[in-house]
Each structure stands twice: as structure tokens, then as C-alpha cells.
Amino acid sequence: MQEEARPGTGEQAKQLALAKLRQAILHGEMAPAQRLVENELAEQFGVTRASIRAALIDLEAEGLVERIRNRGSRVRVVTVEEAVAISECRMVLEGLCAAKAATLATDDQLAELADIGTAMTKAVADGEPVTYSELNQRLHTRIREISGQQVAVELLERLNAQLVRHRFQLALRPGRPQHSLGEHLAMIETITARDPRAAEEAVRAHLMSVITALRE
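The text that follows walks through the structure, step by step, so that each part is easy to find. Everything numeric here is computed off the predicted structure, so don't read it as measured data.

So, how was this worked out
Residues numbered from 1 in each chain as written. Predicted model: local features only at pLDDT ≥ 70, side-chain atom pairs only at ≥ 80, totals over all residues. Heavy atoms only, no water. Helix = DSSP H or I, 4+ residues; strand = E, 2+ residues; numbered from the N terminus. Buried < 20%, exposed > 50% of the residue type's maximum accessible area, 1.4 Å probe, protein only. Core = buried A, V, L, I, M, F, W, Y, C linked by side-chain atoms within 4.5 Å. Contact = heavy atoms within 4.5 Å. Patch = residues over 30% accessible without salt bridge, like charges linked within 9 Å, V, L, I, M, F, W, Y side chains within 5 Å. Areas by Shrake-Rupley, 256 points an atom, 1.4 Å probe, with all protein chains shown as cover. Salt bridge = Lys/Arg side-chain N within 4 Å of Asp/Glu carboxyl O. Pairing = 2+ DSSP bridges. Axes fitted to C-alpha atoms, helices over the stretch in contact; angles between N-to-C directions. Expected span 1.5 Å × (residues − 1). Arc of directions from axis to C-beta. Parallel < 35°, antiparallel > 145°, perpendicular 65-115°, else oblique. Left-handed = near helix turned anticlockwise from the far one by under 90°. Nonpolar A, V, L, I, M, F, W, Y, C, P; charged D, E, K, R; others polar.

### Section: the overall build of the chain
Step number 1: Across its full length, the chain carries 10 helices and 3 strands.
Step number 2: In sequence order, the chain lays out its α and β elements as α-β-α-α-β-β-α-α-α-α-α-α-α.
Step number 3: Projected onto the principal axes, the alpha-carbon positions of the chain cover approximately 55 × 35 × 35 Å.
Step number 4: Counting every position in the chain, which comprises 216 residues, the buried fraction comes to 43%.

### Describing the nonpolar core
Step number 1: By size, the foremost hydrophobic cluster in this structure holds 39 residues, and its most contacted members are L113, M120, L139, I143 and I191.
Step number 2: Elements that contribute at least two residues to this core include exactly α4 (80-104), α5 (107-125), α6 (129-147), α7 (150-161), α9 (176-192) and α10 (196-215).
Step number 3: If you tally residues by element for this core, the top one is α4, at 9 residues.
Step number 4: Leaving out residues up to four positions away in the same chain, I191 has contacts with A98, A101, A102, L110, L113, I143 and A199.

### Section: a nonpolar patch on the surface
Step number 1: A surface patch of nonpolar side chains, amounting to about 260 Å² of accessible area, comprises V130, F168 and L172.
Step number 2: Counting through the fold element by element, F168 comes out in helix α8 (residues 164-171).

### Overview of the sheet that holds strand β2 (residues 65-68)
Step number 1: Read from one edge to the other, the open sheet built from 3 strands follows the order β1-β3-β2, with strand pairing classed as antiparallel. Of all strands in the sheet, those bounded by a partner on one side alone are β1 (35-36) and β2.
Step number 2: Where β1 meets strand β3 (residues 72-75), 2 bridges bridge the pair, whose relative direction is antiparallel. Bridge pairing links L36 to S73 in β3.
Step number 3: Sheet strands in contact with helix α3 (residues 49-61) are β1, β2 and β3, and its direction is about 115° off that of β2.

### Here's the deal with α9
Step number 1: Taking 1.5 Å per residue as the helical rise, α9 with its 17 residues ought to reach 24 Å, and the 25 Å between its terminal C-alpha atoms agrees with that figure.
Step number 2: Among all positions of α9, only R176, P177, S180, L181, E183, H184, M187, I188, T190 and I191 are buried.
Step number 3: Where α9 is buried, its residues touch α4, α5, α6, α8 and α10.

### With respect to the pattern of salt bridges
Step number 1: Applying the stated rule across the entire model yields 15 salt bridges.
Step number 2: Across the pair E62 and R22 runs a salt bridge, and its minimum N-O distance is 2.6 Å. Highlighted residues: E62 in the loop between α3 and β2 and R22 in helix α1 (residues 10-26), separated in sequence by 40 residues.
Step number 3: Exposure remark for E62: the relative accessible area of 17% places this residue in the buried category.
Step number 4: E145 is the salt-bridge partner of R142, the closest N and O atoms lying 2.5 Å from each other. Placement of the pair is R142 and E145 together in helix α6, with a separation of 3 residues, close to one helical turn.
Step number 5: Salt bridges sharing partners connect three or more residues here, namely E38, R49 and R53.

### Topic: α3
Step number 1: The end-to-end C-alpha distance of α3, which contains 13 residues, comes to 19 Å, matching closely the 18 Å that a straight helix rising 1.5 Å per residue would cover.
Step number 2: Along α3, the residues classified as buried are S51, I52, A55, L56 and L59. Along the axis of α3, the buried positions cluster into a sector of 135°, meaning they face one direction only.
Step number 3: Residues of α3 that are buried make contact with α1, β1, α2 (38-45), β2 and β3.
Step number 4: Count one or two residues on from α3 and you reach G63, which has phi positive near 85°.

### Section: the environment of R22
Step number 1: Residue class for R22 comes out partly exposed when judged on its relative accessible area of 26%.
Step number 2: For the pair R22 and L64, spaced 42 residues apart in the sequence, the C-alpha separation amounts to 7.9 Å.
Step number 3: Apart from residues lying up to four places away in sequence, R22 is in contact with L59, E62 and L64.

### Structural notes on the packing of α4 against α10
Helix-helix packing: each pair is described by the crossing angle between the helix axes and the interaxial distance.
Step number 1: Two elements in contact, α4 and α10, have axes separated by 7 Å at closest approach and are oriented at 165°. Between α4 and α10, the angle is such that the two are roughly antiparallel. Regarding α4 and α10, the two cross each other, and that crossing is right-handed.
Step number 2: Among the residues making up the contact of α4 with α10, the classes are represented as 16 nonpolar, 3 polar and 7 charged.

Quick look at the structure:
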């Protein structure tokens, strides 16, 4: 099959490189501290070095890449203390989203959250931490979407992108899914009860638990 034509230059090429690089970092295909060589990436994605360089500048602004003078770029290393600080910010923003979701959610959306909770319970019972982690992210994403708080959603997307490595490590830590399941179910229950304050408190309690786990 003929390979699909891809733009080599211009804004479209930069956006292609940006999307590919972001996806590779978020999916763990590029490890923290890994060097990002412009020539190699340009050849890999079929774009110019200028397009790669422009994409790296955008990724630096997102906190995913760091550019070191006279040494090029690498995937940014997020320390545990940074991860804790990011999680503290998430407590405020995700708490806000949960409170709004408790007020705005439709019956169908509440049923969807309940279904996610059921699937998370099954994943824990079946010993499937990767599935549980994926459902965990789906739950948080849906709560943010239901909230309609677009400013908070955009800020959280940038913050969460920087936590991908720590999030994956926590998901695979023995006993962590069993520990956090009840916290996630509490989030669903308080939103379903349409109790904004309790929903916000449930999210904050969950993220405080995440902070404790990060520091262990």
C-alpha cells in the first residue's frame, strides 16, 4: 500500500511533528532525559528540521521538553517534588470540575460514570492494573468534560501531561489500584448525589492520597 503523503514544510508539517512527538512522550515511547535529535526526528516524520525545532519549542512551553543551550533538546524529567506540586494544583482544578459536574451532569452522564466505576471494580478484581489505569484516566477526563469548565480543562491537560511517567509507575505499584478504587467510587457517588461540596472533597481526598503515594 502506498504510504500516505505527508507535508514536509510549513505549519502543517510543524503540527504533524508536534502531534507525533507529544503522543510518543505521553505514551512513554520516549523516556525522560532521552535526547531529541532534530535530524533524526525530521527523517522519521518526513518533515524539515525547522518544523521539528518549532514543535520542540511548543513542547517546551507545555513542560514536556527541555532545551539545553549548546546541547539540544531532551524529554523533560519531572521530579517527585514537581509531581507533588502539580498534584496540589490538580486538587484545586479537579475539585472545581467535580463540583460543577455534580451540578450539571445529566442522568445519562451519571449512568456513564457509574459504568466506569463498575468496570474499575472489575479490573481490580481481575488483577488488571493497566486496564484500571486506563479507566482511571477515563473517569477523570469525563468528569472534566461534564463540568464544562473549559479553562480548568485546558490547564489540567497541560498539568497531567507532565505526570505521565509518575502516573504509570503508580498504576503498576502493588496494591495501589485496590487502595484508590474506593476513592474513585466516592467521587462517582458524590457526583451522582448531586452534592458539589462532597464531590470536591472526594476529589481532594483522592489527590491527597496520590501525593502521599508519590512521596513513598
